[in-house]
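Listed below are the residues making up each chain.
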Amino acid sequence: MAVEVKDLLEAGVHFGHLTRKWDPNMAPYVYMERNGIHIINLYKTAAKMDEAGAALAKIAASGRKILFVATKKQAKDIVAEKAGNINMPYITERWPGGMLTNFVTIRKAVKKMATIDRMKKDGTFNSLSKKERLQVDRQRAKLEKNLGSISDMTRLPAALFVVDIKREHIAIAEAQKLNIPIFAMVDTNSDPRQVDYVIPANDDASKSINKILTHVTDAIAGGLAERKAEKETSKQADAPKADAKKEAPKKKAAQEEEE
């Protein structure tokens with residue numbers, strides 16, 4: 001799905017930060033300076049979006065998870081909606097330290113959440129005192145807020161998609177430590193060398209974030225559809241073999257009766 005530069009322009013993807021706040025490593029992606037603000041080269045943004053989309057589609061087609069990270073106010077709801085639509089995990093509250101580097105501990109917290117849910121189903125929860133029930137409910141709400149969207153993530157993600165790498169520097173550092181590929185929207189005040197797949201873009205405006213996230217999640221949805229189609233094809237190919245296996249004993253029995 002080709003990216004239209006005109007659409008990026010309308011979404012304000014080209015607006016960078018004040019020139020005095022820029023990171024010189026973003027120079028290759030800066031088109032010009034206007035009224036003290038750096039303007040991002042949208043042709044490069046479009047090319048990088050296509051590149052990132054193709055790589056993410058490949059990861060999705062392989063059946064692995066992509067973790068979305070965006071805790072800034074203007075990105076939270078967009079990321080939660082877009083990532084939720086394609087059933088990918090996301091962090092939109094505070095990044096839990098050790099989320100990646102201490103994944104075992106995070107999994108324990110998720111299991112604790114599942115245990116509380118089981119208690120509510122089997123009636124154990126009702127046997128607790130009013131004070132204990134209140135404490136358990138508070139604990140469950142806290143876990144849900146911080147880890148709700150990653151409760152189905154049983155292993156480390158295959159990639160990270162980040163909005164604002166300066167803000168999410170802890171997540172970036174953890175992914176780097178574990179060699180997890182990083183895809184990110186990178187504004188003119190950030191260092192693109194920290195990212196494997198750079199999408200130079202305005203990471204402050206909700207319109208810009210929405211435009212980039214729509215393209216990225218559409219690409220992932222394409223990868224997931226490809227995986228589903230391959231599974232269906234494989235099932236259909238295996239069906240005649242399965243039928244033949246079922247028929248074999250019947251044929252053998254029929255031959256024995258004839259004999």
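For the structure itself, consult the block above.
Residues numbered from 1 in each chain as written. Predicted model: local features only at pLDDT ≥ 70, side-chain atom pairs only at ≥ 80, totals over all residues. Heavy atoms only, no water.

Participant: How should I be thinking about the pattern of salt bridges in this particular structure?
Facilitator: Pairing is possible between side chains that carry opposite charge, provided their charged atoms lie close to one another. A complete count under the given rule lists ten salt bridges for this structure. Residue K72 is joined to D204 by a salt bridge in which the shortest nitrogen-to-oxygen separation is 2.9 Å. Taken together, the residues K72 in the loop between β4 (66-69) and α3 (73-85) and D204 in the loop between β8 (197-200) and α7 (206-258) connect sequence positions 132 residues apart. With a relative accessible area of 31%, D204 lands in the partly exposed category. (Salt bridge = Lys/Arg side-chain N within 4 Å of Asp/Glu carboxyl O. Helix = DSSP H or I, 4+ residues; strand = E, 2+ residues; numbered from the N terminus. Buried < 20%, exposed > 50% of the residue type's maximum accessible area, 1.4 Å probe, protein only.)

Participant: Before we go on, may I ask you to explain helix α6 (residues 169-177) in this structure?
Facilitator: Because each turn of an α-helix spans 3.6 residues, side chains separated by three or four positions in sequence point in the same direction. Residues A171, I172, E174 and A175 constitute the buried set of α6. Buried positions in α6, seen along its axis, are confined to an arc of 165° and lie on one side of it. The inward-facing, buried residues of α6 abut β4, β6 (159-163) and β7 (182-186). Following α6 by one or two positions, N179 adopts a phi angle in the positive range, close to 60°. (Arc of directions from axis to C-beta. Contact = heavy atoms within 4.5 Å.)

Participant: Looking at this structure, I do not really get the sheet that holds strand β1 (residues 15-18). What am I missing?
Facilitator: To summarise the sheet geometry, strands pair through backbone hydrogen bonds and adopt either a parallel or an antiparallel arrangement. Spatially, β1-β3-β2 is the arrangement adopted by the three strands of the open sheet, whose pairing is antiparallel. Among the strands making up the open sheet, the edge pair consists of β1 and β2 (30-34). Across this sheet, the average inter-strand angle for adjacent strands is 30°, counted without regard to direction. In terms of strand pairing, β1 meets strand β3 (residues 37-40) through two bridges, oriented antiparallel. The partner of L18 across the bridge, within β3, is I37. (Pairing = 2+ DSSP bridges. Axes fitted to C-alpha atoms, helices over the stretch in contact; angles between N-to-C directions.)

Participant: Whenever I open this one, the environment of K112 confuses me. Can you help?
Facilitator: Take K112: it is sitting in helix α4 (residues 103-122). For K112 and R20, which are 92 residues apart along the polypeptide, the C-alpha to C-alpha distance reads 47 Å. Residue contacts for K112: discarding those within four places in its chain leaves Q139 and L143.

Participant: Sorry if this is basic, but what is going on with the sheet that holds strand β5 (residues 90-91) here?
Facilitator: If you walk across this open sheet you meet the five strands as β5-β4-β6-β7-β8, and the pairing is parallel. Of all strands in the sheet, those bounded by a partner on one side alone are β5 and β8. Bridging between β6 and β7 involves four bridges; their strand directions are parallel. For V163, the partnering residue across the bridge sits in β7 and is M185. The strands touched by helix α2 (residues 42-61) are β4, β6, β7 and β8; relative to β8, the strand with the most contacts, the crossing angle is about 140°.

Participant: Would you take a moment to explain the nonpolar core for this structure?
Facilitator: If you look at soluble globular proteins, the nonpolar side chains tend to sit buried side by side. Counting residues in each nonpolar core, the largest one holds 34 residues, and the members touching the most others are I66, F68, F161, V163, I212, L213 and I220. Contributing elements (two or more residues each) for this core: α2, β4, α3, β6, β7 and α7. For F161, the contacting residues outside a window of four places in its chain are L56, I66, L67, F68, V69, F183, M185, I199, I212, L213 and V216. Among the nonpolar cores identified, the runner-up in size contains 29 residues, and L160, A184, V195 and V198 belong to it. (Core = buried A, V, L, I, M, F, W, Y, C linked by side-chain atoms within 4.5 Å.)

Participant: I'm lost on the packing of α4 against helix α5 (residues 130-147) in this one. Help?
Facilitator: Relative placement of two packed helices is described by the angle separating their axes and the distance separating the axes. Two numbers describe how α4 lies on α5: the axes approach to 10 Å, and their chain directions differ by 135°. What the angle tells us is that α4 and α5 run oblique. Here the hand of the crossing between α4 and α5 comes out left-handed. Seen from α4, the contacting residues are I106, A109, V110, K112, M113, I116, D117 and K120; seen from α5, they are V136, D137, Q139, R140, L143, E144 and L147. Its residues assigned to classes, the contact of α4 with α5 comprises eight nonpolar, one polar and six charged. (Parallel < 35°, antiparallel > 145°, perpendicular 65-115°, else oblique. Left-handed = near helix turned anticlockwise from the far one by under 90°. Nonpolar A, V, L, I, M, F, W, Y, C, P; charged D, E, K, R; others polar.)

Participant: Got a minute to help me understand the layout of surface pockets in this structure?
Facilitator: A water-sized probe, rolled over the atoms, reveals where empty space remains. One number sums up the size of the largest pocket: a volume of about 160 Å³. Lining the largest pocket we find V5, L9, H14, Y31, R34, I39, I40, N41, L42 and Y43. When contributions to the lining of the largest pocket are tallied by element, the ones reaching two or more residues are α1 (5-10), β2, β3 and α2. A class-by-class count of the residues in the lining of the largest pocket yields seven nonpolar, two polar and one charged. (1 Å grid on protein atoms, 1.4 Å probe; cavity = no way out; pocket = protein on both sides within 12 Å on 5 of 7 lines; lining within 4 Å. Points joined across faces, edges and corners; volume = space filled by probe spheres on them.)

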